[in-house]
Amino acid sequence: MEDIYYIIGTAYAGKSTMVKLLAEKYDGIACGENYHDKLVDERLDKDKFPCLCYTRDLQDWREFIRRTPEEYASWIEGVTKECEILELQILEELKKQGRRIFVDTNISIETLKKISDIDHVLVMLSDQMISVNRFFERPDREKQFLYQLLMQEPDPDAAMANFREMLMRVNSKEVYDKFLYSGFRVLLRDDSRTVEETLKIAEEMLRIKI
């Protein structure tokens with residue numbers, strides 16, 4: 001997979017933005033956040049992919065927001081592992097097009113070290129609390145739907161506190177440090193830096209050749 005460039009890291013670090021801009025500049029293919037979703041349809045086997053099929057088959061989304069932080073963290077871990085399987089399938093097909101591929105990926109650090117050159121992986125990180133404090137700021141339909149559900153709970157403040165704890169579990173220092181000390185090049189979020197400046201740094205770190 002020598003023509004594939006992977007960007008991993010935490011939320012709100014700019015991964016999808018970089019994938020989009022790099023694909024545009026180098027006439028490549030952009031695989032943005034959750035690009036595996038196209039395979040999560042009624043054909044996906046819930047016995048093989050129980051975590052991905054959980055939301056597909058969910059009848060009452062109040063169940064989703066009422067989980068414990070431990071249950072949520074366990075589900076996220078399972079989703080990540082299942083996403084890796086689907087993403088690798090998608091990338092195998094896409095690479096047949098003979099174009100560079102830029103990926104905002106769920107593929108694990110361990111797997112990337114096996115399938116990719118170190119120069120083709122970039123870690124992008126943001127402050128750990130950004131994902132917690134700004135989760136509902138984005139106008140994503142899914143996030144706003146969850147926000148409305150939380151506000152409709154018998155005790156909205158308690159429901160929101162529980163959901164924030166869920167987010168903190170999956171954005172812990174342990175998760176952050178695993179990315180930070182992965183051995184791949186790391187680009188930290190800096191709000192004083194322009195998008196263009198960030199793009200240039202990302203290009204240099206990924207050693208993209210014209």
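Predicted, not measured: the structure shown is a model, and the values here were computed from it.

Caption draft 1: Region of the structure containing unusual backbone geometry. The backbone phi angle of tyrosine 12 is positive, close to 65°, even though this residue is not glycine. Topologically, tyrosine 12 is positioned in the loop between β1 (4-9) and α1 (15-25). Judged by relative accessible area, tyrosine 12 falls into the buried class, the value being 7%. Backbone geometry at aspartate 27 places phi at a positive 50°, although glycine is not the residue there. Of note, aspartate 27 is situated in the loop between α1 and β2 (29-31).

Caption draft 2: Layout of the state of the cysteines. Applying the stated criterion to the full structure yields zero disulfides. As a non-bridged cysteine, cysteine 53 has cysteine 51 as the owner of its nearest cysteine sulfur, 9.3 Å distant.

Caption draft 3: Just the pairing of strand β3 (residues 101-104), in detail. Here β3 shows a buried face lined by Ile101 and Val103 and a second buried face lined by Phe102 and Asp104. Looking at chain direction, β1 and β3 are connected through four bridges and run parallel. Following the sheet pairing, tyrosine 6 is matched in β3 by valine 103. As paired strands, β2 and β3 are joined by three bridges and run parallel to one another. Within β3, the residue paired with isoleucine 29 across the bridge is isoleucine 101.

Caption draft 4: Summary view of empty space enclosed by the protein. This structure, assessed with the given rule, holds one cavity of 30 Å³ or more. Computed from the structure, the largest cavity encloses a volume of approximately 50 Å³. Lining the largest cavity are Thr10, Ala11, Ser126, Asp127, Gln128, Ser131, Asn171, Ser172 and Tyr176. Within the lining of the largest cavity, the residues separate by chemical class into two nonpolar, six polar and one charged.

Procedures and definitions
- Residues numbered from 1 in each chain as written.
- Predicted model: local features only at pLDDT ≥ 70, side-chain atom pairs only at ≥ 80, totals over all residues.
- Heavy atoms only, no water.
- Helix = DSSP H or I, 4+ residues; strand = E, 2+ residues; numbered from the N terminus.
- Buried < 20%, exposed > 50% of the residue type's maximum accessible area, 1.4 Å probe, protein only.
- Disulfide = S-S within 2.5 Å.
- Pairing = 2+ DSSP bridges.
- 1 Å grid on protein atoms, 1.4 Å probe; cavity = no way out; pocket = protein on both sides within 12 Å on 5 of 7 lines; lining within 4 Å.
- Points joined across faces, edges and corners; volume = space filled by probe spheres on them.
- Nonpolar A, V, L, I, M, F, W, Y, C, P; charged D, E, K, R; others polar.

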